[in-house]
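Results of the structural survey
Spelled out, the chains give:
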Amino acid sequence: MSSPQLYIALAAALVLACDSSKPAPAQGGNAAQGDPAKSSGPPSADTYNLRGAPVKGATRRAELDLTMSDAQVTFKAGPLSFSGTQTLRVQSTDDLEILEASDGQVRKGRLNHVLDKSVMNMRMTMPDGTVETTNDDTNGPLHGRAETIEHVSGQWTRTIEGAAATQQQARLLKDPPIYDSMYPTAVKVGESWTQSGPELRRWLGGDFTSASGEVKNTLLSVEVQQGEKVAVIESIGEIRGTMLDEDNRPMEVSMGVQGTVRRSLDRAVDLDGTSQGAMTISGELVQEGVAMTMSVTGRYSMRVTGSLR
């Protein structure tokens, strides 16, 4: 059986990263392309394609570093309850070698999951007053694996290299490997677009069975830095979802999103971004034959960086 600490790491990693080639919460979501029902804001002289132009033959690196410090953790089993604190750090690094690109999108590539790791520290006060500490260093399901990705007839195919995919890896491979298409292709400075309802599920990862909420994204500005166009995007909202842990038990997740990202329009790379907000994870689990409920509440902070080589 999975430990409670692993549930927490899985939830945080899947909600906030799933894999770092996907947009993090600071980066907004599935914008409608020119859909007037999903955009608003003052007019501007210039219209921008936020997807940018992917560079064939280059390797795009995406790195994520997320921390959740001193989260409050509570377990209840019948009349007994015990509580404590949890600190979590999730790190991931993905390298995408762009093999083919057309019409402003990546069509084929090799995605190498260089790093997929979580470190957890938990301190719990037990019902008898004793204090127990747990330290866990875990590699994620895609750590060290590589895959070939290809976009054909509007659909992504993902083929993992080497050993056959595990059940959990197979669930994750059902999602699109990259999410450049979630950016709008025609938006002006000051305009906003939203992602809501079922659209959020594509953001969260293969282990989520439902999603609700809304994230509003706004193009704050487009700057020229050393001859390169860089879009500054703000995202604010809240997401709720139900994920399945590796034992197929549902866990409820709620998180706030408030962040910004700087995206290169010339190279289709998210250069850097930050996000923060409150997070709550709750659900039922069985530990050593004992049924219990679990809740985790705290705040996360996250930073994403990207580069092209």
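Calculation rules
Residues numbered from 1 in each chain as written. Predicted model: local features only at pLDDT ≥ 70, side-chain atom pairs only at ≥ 80, totals over all residues. Heavy atoms only, no water. Helix = DSSP H or I, 4+ residues; strand = E, 2+ residues; numbered from the N terminus. Buried < 20%, exposed > 50% of the residue type's maximum accessible area, 1.4 Å probe, protein only. Contact = heavy atoms within 4.5 Å. Core = buried A, V, L, I, M, F, W, Y, C linked by side-chain atoms within 4.5 Å. Phe/Tyr/Trp six-rings, centres within 6.5 Å; stacked < 30°, edge-to-face > 60°. Salt bridge = Lys/Arg side-chain N within 4 Å of Asp/Glu carboxyl O. Pairing = 2+ DSSP bridges.

**Considerations on the overall build of the protein**
A tally of regular secondary structure across the protein gives 3 helices and 15 strands. Burial status across the protein gives 49% buried among its 309 residues. In the protein, 66% of the contacts between residues at least 6 apart in sequence involve partners at least 24 apart.

**Section: the nonpolar core**
By size, the foremost hydrophobic cluster in this structure holds 33 residues, and its most contacted members are Phe75, Met124, Ile281, Met294, Val296 and Tyr300. At the level of elements, strand S3 (59-77), strand S4 (80-102), strand S5 (105-125), strand S11 (208-225), strand S12 (228-244), strand S13 (250-264), strand S14 (269-287) and strand S15 (290-308) are the ones that each hand at least two residues to this core. In terms of nonpolar packing, the next biggest core, distinct from the first, is built from 10 residues, Leu50, Leu219, Ile233 and Leu265 among them.

**Let's talk about the packing of aromatic side chains**
All told, the structure shown has 1 aromatic pair when counted by the stated rule. Taking 5.4 Å as the distance between ring centres and 25° as the angle between the ring planes, the aromatic pair formed by phenylalanine 75 and phenylalanine 82 counts as stacked. In terms of burial, phenylalanine 75 and phenylalanine 82 fall into one category: buried.

**A short note on the pattern of salt bridges**
Enumeration over the complete set of coordinates arrives at 12 salt bridges. Ionic pairing is found between lysine 117 and aspartate 137, a salt bridge with its closest N-O pair at 3.7 Å. Of this pair, lysine 117 sits in strand S5 while aspartate 137 sits in strand S6 (residues 131-139); the two residues are 20 residues apart in sequence, bridging distant segments of the chain. Taken together, the salt bridges that share partners define one network made up of Arg61, Asp95 and Arg309.

**Regarding the side chain of arginine 107**
On the secondary structure map, arginine 107 appears in strand S5. Beyond its immediate chain neighbours, meaning those up to four positions away, arginine 107 contacts Glu100, Ala101, Ser102, Ile149, Glu150, His151 and Trp156.

**A closer look at unusual backbone geometry**
A positive phi angle, near 55°, is found at aspartate 103, a position not held by glycine. Owing to a relative accessible area of 72%, aspartate 103 belongs among the exposed residues under this scheme. Even without being a glycine, alanine 268 presents a positive backbone phi close to 55°. By the element assignment, alanine 268 lies in the loop between S13 and S14. Judged by its relative accessible area of 0%, alanine 268 is buried.

**Remarks on the pairing of strand S7 (residues 146-152)**
Two faces make up the sheet, and in a regular strand the side chains alternate between them. One ladder, built from 5 bridges, connects S5 with S7; its direction is antiparallel. Residue pairing for S7: lysine 108 is matched across the bridge by glutamate 150. The pairing of S7 with strand S8 (residues 155-160) spans 6 bridges and is antiparallel. Across the sheet, residue glutamate 150 finds its bridge partner in S8, namely threonine 157. Connecting S7 to the antiparallel partner S8 that follows it, the hairpin turn spans 2 residues, and serine 153 within it adopts a positive phi of roughly 50°.

**Let's talk about the pairing of S12**
When S11 meets S12, the two strands line up antiparallel, connected through 16 bridges. When the sheet's bridge partners are listed, glutamate 214 is paired in S12 with glutamate 238. Where S11 folds back on S12, the antiparallel hairpin that results is connected by 2 residues, among which glutamine 226 adopts a positive phi of roughly 50°. Both S12 and S13 contribute to a ladder of 15 bridges, which runs antiparallel. Counterpart to threonine 242 in the pairing with S13 is glutamate 252.

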